[in-house]
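# Fold and geometry: a report
The primary structure of each chain is shown beneath.
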Amino acid sequence: MRRITCEPRTNWEQRVEEAGLIWHSGDQVYWNESAFYEFTAKEIDMLEVATNELEQMTLAAAQHIIDNHLYTRLAIPPSAVPLIESSWEAEPPSLYGRFDLAYDGVNPPKLLEYNADTPTSLLEAAVVQWYWLQDVFPKKDQFNSIHERIIALWKELTPCLPFSRIDFCSMDDIEDGMTVTYLQDTARQAGLTASAFPIAEIGWDGHNFLGPDNRVLRAVFKLYPWEWMVREEFGQHIASASTIWIEPPWKMLFSNKGLLPVLWELYPRHPYLLEAHFDSPGLMMSWVKKPLLGREGANITVHQPEHDFQTEGDYGSEGFIYQALAPVDRSIGVYPVLGSWVVGHEEGNAAAGMGVRESVTPVTTNMSQFVPHLFE
Amino acid sequence: MRKPARVTLTVVATVALASCGRKRVDPCDAATFNETACQEAVRSGGYYWDGSWHSIGYSHPYPYYYDHYRTYVSSGGTVISAPGATYSHPSGSVVRGGFGATGEAHGGGAHGAGE
């Protein structure tokens, strides 16, 4: 894996906007094509294998949590348990997830966390970096079949979606809006009827969840965390309503950092895992303290001997986990994190592509930059 | 003047007659079949009638009721359906804003809930 600097396309803003990335710059650029990451085919093969194996390991961890009722350890409220267990048994539709991996090109990739409930940076990974590749290095390849895989999965899920319809909702935010607009487009390309609206516009009539047009919501993709939904006013109605939610409630187990110590307990010293514990760092010398239900790199403490780095935020009231600090290649001056996407859950065939985000600090936040990649 | 009981009975009878004028009909009954409303009723486990919810434990999928209706029609049965609007839910009783508060509290709309 090499980070290579290069000249951005002269009209890069226009090109990424044409691909749907209407928010590409804030205080600094978010989409950064003044560099790219180059991988070997062998490295990509390894990342694909690792992603598929992690997918199976996390499913096994979910089963373990359910079988052993570890909900309290994950600060999951009792009212959410029936939702998790019934959806786990019923296997309702599930779309995607993103493993965040630390990788230095030498050692096996290490799982930092798994975002399988509300992952974003999807459009960038699936579409924008693909167009970048076609414009700049058309003869090179990219670990990326995300777009095609999502459309194929929508087609596969169509019989499960009443009236071949799926509604999308999120917070009224530009980044989340881009993600659901893109997913809405993939659903339509798969032949589904789809609409999108802010999650605050969902209504409840005493029996059903309704859209802004008072239509009963049968199947909803929600880019909004389950741990928030179950604690909010309408959370009490989720069990009685007939709405199919994507992602399903059992994904609550994966949007929780408590998954990491559970994985370590199940697969101790596994090459794709970092040591992780509930409650305390144990004997680890360098570790990262993460809120169980933290988001966007908030309230993280990176501890190294004689040096602590902390991020701010308002998470952590539910408790923390401690994870070993991942080895990083400091020579490149930034901290890259590979976001390895899974689409569906087919054993050995879930890995669908990758995006790279990099930060100037050890913690990936919503200020990190997306950098395209290719491989030989 | 021992007539109050009789007066009361008269009032009750009047109300009952008024209700009979808008007797609730199941959209999945063959004689009152309403295709769209029946599909919704089976999926929802009930239906609205004049703004009130009626929970019905349909024991079969929608095609069962449709087939039953077709058989009824082909054997000469008469179908008197209620207007579709009769089965629409009362929009005035919808509550909104029950999702989204946590995200607003965390980000105030400055950034979303995805990560």
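Residues numbered from 1 in each chain as written. Chains lettered and ligands numbered in written order. Predicted model: local features only at pLDDT ≥ 70, side-chain atom pairs only at ≥ 80, totals over all residues. Heavy atoms only, no water.

### What to know about the interface of chain A and chain B
- At the interface, 45 residues of chain A touch 29 residues of chain B.
- For the pairing of chain A and chain B, the buried interface totals around 3200 Å² over both sides, and the portion due to carbon and sulfur atoms is 50%.
- Taken as a group, Phe163(A), Met171(A) and Asn214(A) account for 16% of the area that chain A buries against chain B, more than any other trio of residues on that side.
- Scanning the region where chain A abuts chain B turns up two salt bridges.
- The salt bridge partner of Arg218(A) is Glu40(B), with a shortest N-O separation of 2.2 Å.
- Across the chain A-chain B interface, the total number found is 20 residue pairs in polar contact (both at pLDDT 80 or more).
- For the side of chain A that touches chain B, the elements supplying multiple residues, two or more each, are β4 (110–115), β7 (203–204), β8 (209–210) and α7 (226–229) of chain A.
- Grouping the amino acids of the side of chain A that touches chain B by side-chain chemistry returns 21 nonpolar, twelve polar and twelve charged. (Contact = heavy atoms within 4.5 Å. Buried area = accessible area lost by both parts, 1.4 Å probe. Salt bridge = Lys/Arg side-chain N within 4 Å of Asp/Glu carboxyl O. Polar contact = N/O pair within 3.5 Å; in protein donor to acceptor, adjacent residues only side chain to side chain. Helix = DSSP H or I, 4+ residues; strand = E, 2+ residues; numbered from the N terminus. Nonpolar A, V, L, I, M, F, W, Y, C, P; charged D, E, K, R; others polar.)

### Describing the side chain of Lys257(A)
- Turning to its location among the elements, Lys257(A) is positioned in the loop between β10 (244–246) and α8 (259–266).
- The residues touching Lys257(A), leaving out its near neighbours within four places in the chain, are Glu113(A), Lys290(A), Pro291(A), Leu292(A), Gly294(A) and Ile321(A).

### Some remarks on the sheet that holds β8(A)
- Pairing is antiparallel across the open sheet formed by three strands, whose spatial order is β8(A)-β7(A)-β3(B). Bordering the open sheet on either side are β8 of chain A together with β3 (95–96) of chain B, each of which pairs with just one other strand.
- Two strands pair when backbone bridges link them, and β7(A) and β3(B) are joined in this way by two bridges, in the antiparallel orientation. If you follow Trp204(A) over to β3(B), its bridge partner there is Val95(B). (Pairing = 2+ DSSP bridges.)

### Some points on the pattern of salt bridges
Residue and element names in this part refer to chain A.
- As enumerated under the stated definition, the model contains 20 salt bridges over all chains in all.
- Residues Asp100 and Arg98 are paired through a salt bridge, measuring 2.7 Å at the closest nitrogen-oxygen approach.
- You can call Arg98 buried: its relative accessible area is 1%.
- In this structure, Asp100 and Arg357 form a salt bridge, with 3.5 Å as the shortest nitrogen-oxygen distance. A residue pair is termed long-range when its members are at least 10 positions apart, and Asp100 in strand β3 (residues 96–102) and Arg357 in strand β17 (residues 351–359) qualify at 257 residues.
- Given the relative accessible area of 5%, Asp100 is considered buried.
- Via salt bridges that share partners, Arg9, Arg15, Glu18, Glu33 and Asp135 belong to a single interconnected network. (Buried < 20%, exposed > 50% of the residue type's maximum accessible area, 1.4 Å probe, protein only.)

### Details of the confidence of the model for chain B
All names here are of chain B.
- Residues with a pLDDT of 70 or more make up 70% of chain B, whose mean pLDDT is 74.
- Element-level pLDDT for chain B is lowest in helix α1 (residues 4–20), with a mean of 33, against a maximum mean of 93 in helix α3 (residues 62–74).
- In this model residues 1–21 is a low-confidence stretch, pLDDT under 50, and it forms zero contacts with partners more than four residues away in sequence or in other chains.
- Here the complex is predicted with pTM 0.82, and the ipTM for its interfaces comes to 0.91. (pLDDT = per-residue confidence, 0-100.)

### So, the state of the cysteines
- Tallied over the full model, the rule gives one disulfide over all chains.
- Here Cys28(B) is linked by a disulfide to Cys38(B), with a sulfur-sulfur distance of 2.1 Å. The sign of the 110° torsion about the S-S bond sets the Cys28(B)-Cys38(B) disulfide as right-handed. Here Cys38(B) lies in helix α2 (residues 35–44) and Cys28(B) lies in the loop between α1 and α2, a separation of ten residues in the sequence. As far as burial versus exposure is concerned, Cys28(B) and Cys38(B) are alike and both buried.
- Here Cys160(A) stays unpaired: no disulfide links it, and the sulfur of Cys169(A), its closest cysteine neighbor, is 19 Å away.
- Given the relative accessible area of 39%, Cys160(A) is considered partly exposed. (Disulfide = S-S within 2.5 Å.)

### A few points about helix α4 (residues 122–136) of chain A
Residues and elements named next belong to chain A.
- For α4, which comprises 15 residues, the first-to-last C-alpha distance of 21 Å matches the rise-based estimate of 21 Å (1.5 Å per residue) to within 8%.
- The largest bend in α4 is about 30°, located at Val128.
- Within the span of α4, buried status applies to Leu122, Leu123, Glu124, Ala125, Ala126, Val127, Val128, Gln129, Trp132 and Leu133. (Expected span 1.5 Å × (residues − 1). Bend = angle between axes of the 7 residues up to and from the residue.)

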